[in-house]
Amino acid sequence: MALTAMDTMARDADVLLVEDDELVRLAASQSLRLAGLRVQGLDSAEAARDWLAPGFGGVLVCDVRLPGESGLQLLRALQAQDPELPVILVTGHGDIGMAVEAMRDGAWDFIEKPFGAEHLVEVVKRALAQRRLVLENRRLKAQLAEGPADRLLGTSAALEQVRTLISTLGPARVDVLIHGETGAGKEVVARALHAASGARGPFVAINCGALPESVFESEIFGAEAGAYTGANKRRIGKLEFAGDGTVFLDEIESMPLALQVKMLRVLQERSVERLGANTAVPLACRVVAATKVDLLALAREGRFREDLFYRLDVATIALPPLRQRREDIPLLLSHFCDQAAARLRREPPRWSAAQLAAWQQRDWPGNVRELRNFAERWVLGLVQEPTETVAAVAPAVEPPPAPPSGGEGLQGLTLDEALAEFERRCIVDALRDCGGNVARAGERLGLARKTLHDRIRRLGLNADAYRG
């Protein structure tokens, strides 16, 4: 059956709002629409089921108490269908305990009636940001399953330009110079060029900065038996070994000047002479060189051969640093966390929208490599707040109140008892200052709402007692 215009609008909605009170539903819908969100309002859980097909790209805001099927029953059904779909429950004052239990069962958050429009919009936008991240991560995983593991990850315009160059230069088989900062992914680009070339030969990577000068010539160009002391048999160099594949010369600026002359001749003649040989061997490989420095400036200082630079500079790919494609950070971070979690046999940790926004503001001087290392520390639980996740990258968060000077009232307690009492005081002060509003108290303390509810319950506190 063909979809009506209303059907299509609902399927494309950012928010599915389920509320049986028509006045509340209309007011909430208007608030969300004024915030630029697409909303579909419904009056029952049964009606919502028809719209919540797998892959629904929005979030669900649902009253707990509904005629017929309840919001909690709908939550349980959706948990089986898509456990990562954010469900925000709307509760009355007496339903808070029920909502806390529902959050343990998978609800994303809950809002207490009566609620302000700003609070509703804020919670929905955070949930929607998380939902989009989850769906983008799923798309990324599907992409990775279909393509090579060394493909470039990201959807930014800067990276799309690099992909365009790769698709153009890959089949052309010309030598390429890649310029990019440390950790920006120069080898990934080189491998992508190799994959796009369709060559059957191998991808051979050489780090020019890691090879001692004494073995550099024999490693790259090869050597005949007896060419030097200890050369008992012929050695095939990397250029010859690559066949019709790709030789990747990383940190080309580190190649000794004396060997740059020989490399220039190799690139011009497309042949190589092994050390100690009298005849040249034809080469079919492509050479991809990479550098993190300005080779022309280096040449003008006499530290790199200018003629070799111009020979390499026929086709150049400038790889943007991560700070110039910040929109790719969520995809990269999700991918690296999944990789680390699988390797370390841990559950991939989650992050808040605020943390992700803060990480996107970082400059990441180590680029993708630094981000990958950060993801591994995050999975291992080694990222310590506030130095890495709050103070260094996030907007300032008001710290919890300090204990009475001199530790008043804590003398005579064990360390564990003193810490527990200090935690209780901080939470009580935050609840009192925020009028018993757990969400605001959590923001003040830098805790997720669910985490703060757990601590309130463990300490035997009652948030309602602090309501004004």
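The coordinates are above.
Residues numbered from 1 in each chain as written. Predicted model: local features only at pLDDT ≥ 70, side-chain atom pairs only at ≥ 80, totals over all residues. Heavy atoms only, no water.

S.K.: Any chance you could explain the sheet that holds strand β4 (residues 87-91) here in plain terms?
M.R.: The strands making up a sheet associate through backbone hydrogen bonding, with each pair oriented either parallel or antiparallel. Pairing within the open sheet is parallel, and its 5 strands lie in the order β2-β1-β3-β4-β5. Each of the sheet's edge strands pairs with one partner strand only, and the pair in question is β2 (39-42) and β5 (109-112). Pairwise comparison of adjacent strand axes, ignoring direction, gives a mean angle of 20 degrees for this sheet. Sheet contacts for helix α2 (residues 22-34): β1 (15-18) and β2; angle to β2, the most-contacted strand, approximately 175 degrees. (Pairing = 2+ DSSP bridges. Helix = DSSP H or I, 4+ residues; strand = E, 2+ residues; numbered from the N terminus. Axes fitted to C-alpha atoms, helices over the stretch in contact; angles between N-to-C directions. Contact = heavy atoms within 4.5 Å.)

S.K.: Would you take a moment to explain unusual backbone geometry for this structure?
M.R.: If a residue is not glycine, its phi is most likely negative; likewise, a peptide bond is most likely trans. Here Lys113 and Pro114 are connected by a cis peptide whose omega angle stands at -10 degrees. Position of Pro114 among the secondary structure elements: in the loop between β5 and α6 (117-146). One non-glycine residue with positive phi stands out, namely Trp364, at about 45 degrees. Within the secondary structure, Trp364 sits in the loop between α15 (353-361) and α16 (367-380). Exposure remark for Trp364: the relative accessible area of 1% places this residue in the buried category. With phi around 60 degrees, Asn367 is a residue other than glycine that occupies positive phi space. By the element assignment, Asn367 lies in helix α16. (Buried < 20%, exposed > 50% of the residue type's maximum accessible area, 1.4 Å probe, protein only.)

S.K.: Looking at this structure, how should I read the packing of helix α9 (residues 213-221) against helix α11 (residues 257-269)?
M.R.: Helix packing geometry: the angle between the two helix axes and the distance between the axes. Remark: α9 packs on α11, axes separated minimally by 11 Å, with the N-to-C direction vectors making an angle of 10 degrees. Between α9 and α11, the interaxial angle falls into the category roughly parallel. Along its contact with α9, which presents Phe216, Glu217, Ile220 and Phe221, the element α11 presents Leu259, Lys262, Met263 and Val266. Residues belonging to the contact of α9 with α11 are distributed by class as follows: 6 nonpolar, no polar and 2 charged. (Parallel < 35°, antiparallel > 145°, perpendicular 65-115°, else oblique. Nonpolar A, V, L, I, M, F, W, Y, C, P; charged D, E, K, R; others polar.)

S.K.: What am I meant to see in the sheet that holds strand β12 (residues 316-318) here?
M.R.: Within the open sheet, the 5 strands sit side by side as β7-β8-β11-β6-β12. Their pairing is parallel. Whereas interior strands pair on both sides, the edge strands pair on one side only; in this sheet they are β7 (203-207) and β12. Averaged over all pairs of adjacent strands, the angle between strand axes in this sheet comes to 20 degrees, irrespective of strand direction. Strand contacts of helix α7 (residues 157-169): β6 (176-179), β11 (286-291) and β12, with the helix running at about 160 degrees to β12, the strand carrying the most contacts.

S.K.: What am I meant to see in the nonpolar core here?
M.R.: Counting residues in hydrophobic clusters, the biggest one holds 31 residues, and the most contacted among them are Ile220, Leu239, Leu249, Ile252, Met255 and Met263. Ranked by residues supplied to this core, first place goes to α11 with 5 residues. Not counting residues up to four positions away in its chain, the partners in contact with Leu239 are Ile220, Phe221, Val247, Met263, Val266, Leu283, Cys285 and Val287. Residues Leu16, Ala48, Phe56 and Leu66 belong to the second largest nonpolar core, which totals 24 residues. (Core = buried A, V, L, I, M, F, W, Y, C linked by side-chain atoms within 4.5 Å.)

S.K.: For this particular structure, what's the right way to read the environment of Gly381?
M.R.: One can find Gly381 in the loop between α16 and α17 (415-433). Since its relative accessible area comes to 47%, Gly381 is described here as partly exposed. Taking the C-alpha atoms as reference points, Gly381 and Pro349, separated by 32 residues in sequence, lie 8.7 Å from one another.

S.K.: What exactly am I supposed to notice about the pairing of β5 here?
M.R.: Regular strands place side chains that alternate from one sheet face to the opposite one. Every second residue of β5 is oriented toward a common face, with Asp109 and Ile111 on one face and Phe110 and Glu112 on the other, all of them buried. With 4 bridges joining them, β4 and β5 adopt parallel strand pairing. From the neighbouring strand, Thr91 faces β5, where its bridge partner is Glu112.

S.K.: So what exactly am I meant to see when it comes to the pattern of salt bridges here?
M.R.: Once their charged atoms are close, side chains differing in charge can pair, the charge on each being opposite to the other. In the structure shown here, the tally under the stated rule is 23 salt bridges. In this structure, the salt-bridge partner of Arg126 is Asp109, at a minimum N-O distance of 4.0 Å. Residue Arg126 is located in helix α6, and its partner Asp109 is located in strand β5; the two are separated by 17 residues in the primary sequence. Overall, Arg126 belongs to the partly exposed group, its relative accessible area being 31%. Of the charged contacts, one joins Glu160 and Arg163 as a salt bridge, the two residues approaching to 2.7 Å between their closest N and O atoms. Highlighted residues: Glu160 and Arg163, both in helix α7, separated by 3 residues, approximately one helical turn. On the basis of relative accessibility, which here comes to 36%, the residue Glu160 falls in the partly exposed class. Several salt bridges share partner residues, and in doing so they unite Asp14, Arg38 and Arg132 into one network. (Salt bridge = Lys/Arg side-chain N within 4 Å of Asp/Glu carboxyl O.)

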